[in-house]
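# Coordinates in review
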Amino acid sequence: MTATPTPREADWESAPNLIEGAMTLELTPESCDLDYWLSAVAQGTLRGLVRGHTAGARIPEYMRREGPLRSALISELGFRSVAEEKATRAITVLVDTAPTIPTMEFYATQLIDEARHARVFRDHIVDLGIPRDELARTIEEFSGDDVRKVLEPLEEFTQPLRDQGDFIGGVVTLTVLVEGVLAPAAELSERKWRVLDPAAAQIERGAGIDEIRHLTVGSSVVRTHLRDHPEDTGRLADLIRRGRDLWGSVPVLEMLGRREALFQQGLEEHADDVGDYEIWPGRRLVDTTAQERIEQALTWSSDMQDQRMEYMGLTAAMAAGL
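Each value, and the rule that gives it
- Residues numbered from 1 in each chain as written.
- Predicted model: local features only at pLDDT ≥ 70, side-chain atom pairs only at ≥ 80, totals over all residues.
- Heavy atoms only, no water.
- Helix = DSSP H or I, 4+ residues; strand = E, 2+ residues; numbered from the N terminus.
- Rg over C-alpha atoms; globule rule 2.2 N^0.38 Å.
- Buried < 20%, exposed > 50% of the residue type's maximum accessible area, 1.4 Å probe, protein only.
- Contact = heavy atoms within 4.5 Å.
- Areas by Shrake-Rupley, 256 points an atom, 1.4 Å probe, with all protein chains shown as cover.
- Lys, Arg positive; Asp, Glu negative; His and termini not counted.
- Charge placed at Lys NZ, Arg CZ, Asp CG, Glu CD.
- Axes fitted to C-alpha atoms, helices over the stretch in contact; angles between N-to-C directions.
- Parallel < 35°, antiparallel > 145°, perpendicular 65-115°, else oblique.
- Left-handed = near helix turned anticlockwise from the far one by under 90°.
- Nonpolar A, V, L, I, M, F, W, Y, C, P; charged D, E, K, R; others polar.
- Core = buried A, V, L, I, M, F, W, Y, C linked by side-chain atoms within 4.5 Å.
- Salt bridge = Lys/Arg side-chain N within 4 Å of Asp/Glu carboxyl O.
- Phe/Tyr/Trp six-rings, centres within 6.5 Å; stacked < 30°, edge-to-face > 60°.
- Polar contact = N/O pair within 3.5 Å; in protein donor to acceptor, adjacent residues only side chain to side chain.
- Expected span 1.5 Å × (residues − 1).

### A short note on the overall build of the protein chain
Within the protein chain one finds twelve helices and four strands. In terms of overall dimensions, the protein chain is globule-like: its C-alpha atoms have a radius of gyration of 19 Å, near the 20 Å expected for 322 residues. Judged by the C-alpha coordinates and their principal axes, the protein chain covers about 55 × 55 × 45 Å. In the protein chain, which comprises 322 residues, the proportion classed as buried is 55%. In the protein chain, the proportion of contacts linking residues at least 24 apart, taken out of those at least 6 apart, comes to 82%. Split by element, the accessible area of the protein chain, about 14,100 Å² in all, is 52% carbon and sulfur. Positive and negative side-chain charges in the protein chain, numbering 35 and 56 respectively, have mean positions lying 2 Å apart.

### Focus on the packing of helix α2 (residues 34–45) against helix α7 (residues 198–228)
Contact pair α2 / α7: the axes reach a minimum separation of 11 Å and the direction vectors enclose 160 degrees. Relative to α7, the element α2 lies roughly antiparallel. Pair α2 / α7 crosses with right-handed handedness. Of the residues in α7, those touching α2 at Tyr36, Trp37, Val41 and Thr45 are Ile209, Asp210 and Arg213. Its residues assigned to classes, the contact of α2 with α7 comprises four nonpolar, one polar and two charged.

### Some remarks on the nonpolar core
Residues Tyr107, Trp193 and Leu314 are the most contacted members of the largest nonpolar core, which totals 99 residues. Top contributing element to this core by residue count: helix α6 (residues 167–196), with 14 residues. Once residues lying within four places of it in the same chain are set aside, the contact partners of tryptophan 193 are Met63, Leu69, Leu73, Glu76, Pro198, Ala200, Ala201 and Phe263.

### Here we look at the pattern of salt bridges
Between side chains of opposite charge, a pair can form as their charged atoms come close. Here the structure, examined in full by the defined rule, presents 28 salt bridges. In this structure, aspartate 113 engages arginine 213 in a salt bridge whose closest nitrogen and oxygen atoms are separated by 2.8 Å. Taken as a pair, aspartate 113 in helix α4 (residues 101–127) and arginine 213 in helix α7 lie far apart in primary sequence, 100 residues in all. Looking at aspartate 113, the relative accessible area reads 1%, which means it is buried. Residue arginine 213 is classed as buried on the basis of its relative accessible area of 3%. Of the charged contacts, one joins arginine 235 and aspartate 232 as a salt bridge, the two residues approaching to 2.8 Å between their closest N and O atoms. For aspartate 232, a relative accessible area of 13% corresponds to the buried category. Shared partners join several salt bridges into a network, and the residues in it are Asp113, Arg116, Asp210 and Arg213.

### Focus: the packing of aromatic side chains
A complete count under the given rule lists four aromatic pairs for this structure. Ring plane angle 75 degrees and centroid distance 4.9 Å describe the contact between phenylalanine 106 and tyrosine 107, whose orientation is recorded as edge-to-face. Ring geometry for tryptophan 193 versus phenylalanine 263: centroids 5.1 Å apart, planes at 85 degrees, classification edge-to-face. Of the two residues, tryptophan 193 is situated in helix α6 and phenylalanine 263 in helix α9 (residues 252–269); the sequence distance between them amounts to 70 residues.

### Some remarks on the environment of arginine 293
Mapped onto the elements, arginine 293 comes out in helix α11 (residues 290–312). Residue arginine 293 is classed as buried on the basis of its relative accessible area of 0%. Each residue touching arginine 293, except ones within four places of it in the same chain, is listed here: Leu188, Lys192, Glu260, Phe263, Gln264, Leu267, Ile279, Trp280, Leu285 and Thr288. Among the polar contacts listed, one links the side chain of arginine 293 to the side chain of glutamine 264, at a separation of 2.8 Å.

### Some remarks on the side chain of glutamate 211
Considering the arrangement of structural elements, one finds glutamate 211 in helix α7. Among buried charged residues, glutamate 211 stands out as having no salt bridge; its nearest opposite-charge side chain is arginine 80, 5.2 Å away. Sequence-distant contacts of glutamate 211, that is, excluding residues within four places in its chain, are made with Leu18, Glu84, Glu114, His117 and Glu179.

### Points about α4
For α4, built from 27 residues, the straight-helix expectation of 39 Å at 1.5 Å per residue is met to within 8% by its first-to-last C-alpha distance of 39 Å. Positioned one or two residues after α4, glycine 129 has a phi angle of 110 degrees, which is positive.

### Re unusual backbone geometry
Non-glycine residue arginine 51 carries a positive phi angle of around 55 degrees. Tracing the chain through its elements places arginine 51 in the loop between β1 (49–50) and β2 (53–54). Exposure remark for arginine 51: the relative accessible area of 33% places this residue in the partly exposed category.

Limitation: the analysis is restricted to geometry and does not speak to function.
Below, the structure written as structure tokens:
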């Protein structure tokens, strides 16, 4: 017997980065059903990983000591662990209301993906030296205010969709307003930590490979829905506009600014460890500023959302204010 080759988009070594994959690949629920997940993900992406990273990925000793780098990473992973937990719970509605078997199977696999992400983010906080019985308190200390100010308003915004069993509204919210906004920050995170905490960067790499699948399949689901139900275009465009207004009213940039300021302090302390590593072509990480990194993530977000809107067939409706 020979093993089934892992598709490129799920292969640890050859998968594109999150931004490239989300903007260029086309995947559907039919091509990413349960059989796909079992072979390509469980026996492909995740094969050999330990707590979300390869067994040989190191955590430098300085990441286990109190300091700005450790604080920046705990703040980020704490927030993301709660975000992934909330996504896991929200996806139960999509599994329940999915209109086809392949779509149900896909969202069942995404539910597992998000639960796993939450777990490996929590586990890495423990690996940074936080006792497991202090994990909840630590996440509250480092990320509790951000959860309340950023995630809880979004949760309230989406609650009516869950109450109504609005499948396609839930897909739009998850694909465009949650993952579509947060994914570029995750791509930035992977690049930032590659030298400073290789294990953390690999955890982000694995989550990013999953998010490529989530974003592209979610976009495909919306595209198919609008092809079959063009009368729903205005409602979904309005949902996105209201969601974007919400994002504009919560302190996301303030949160990112605090994290990047801590990271900047740690980066300056460990410039020798970083050396000439380039965070993107032609730009050394040690030469970047907190504001520059945030602006790059925002540019990625804008470019990715514009491409996804066009693919889903929502560009004209958004421009026309339908």
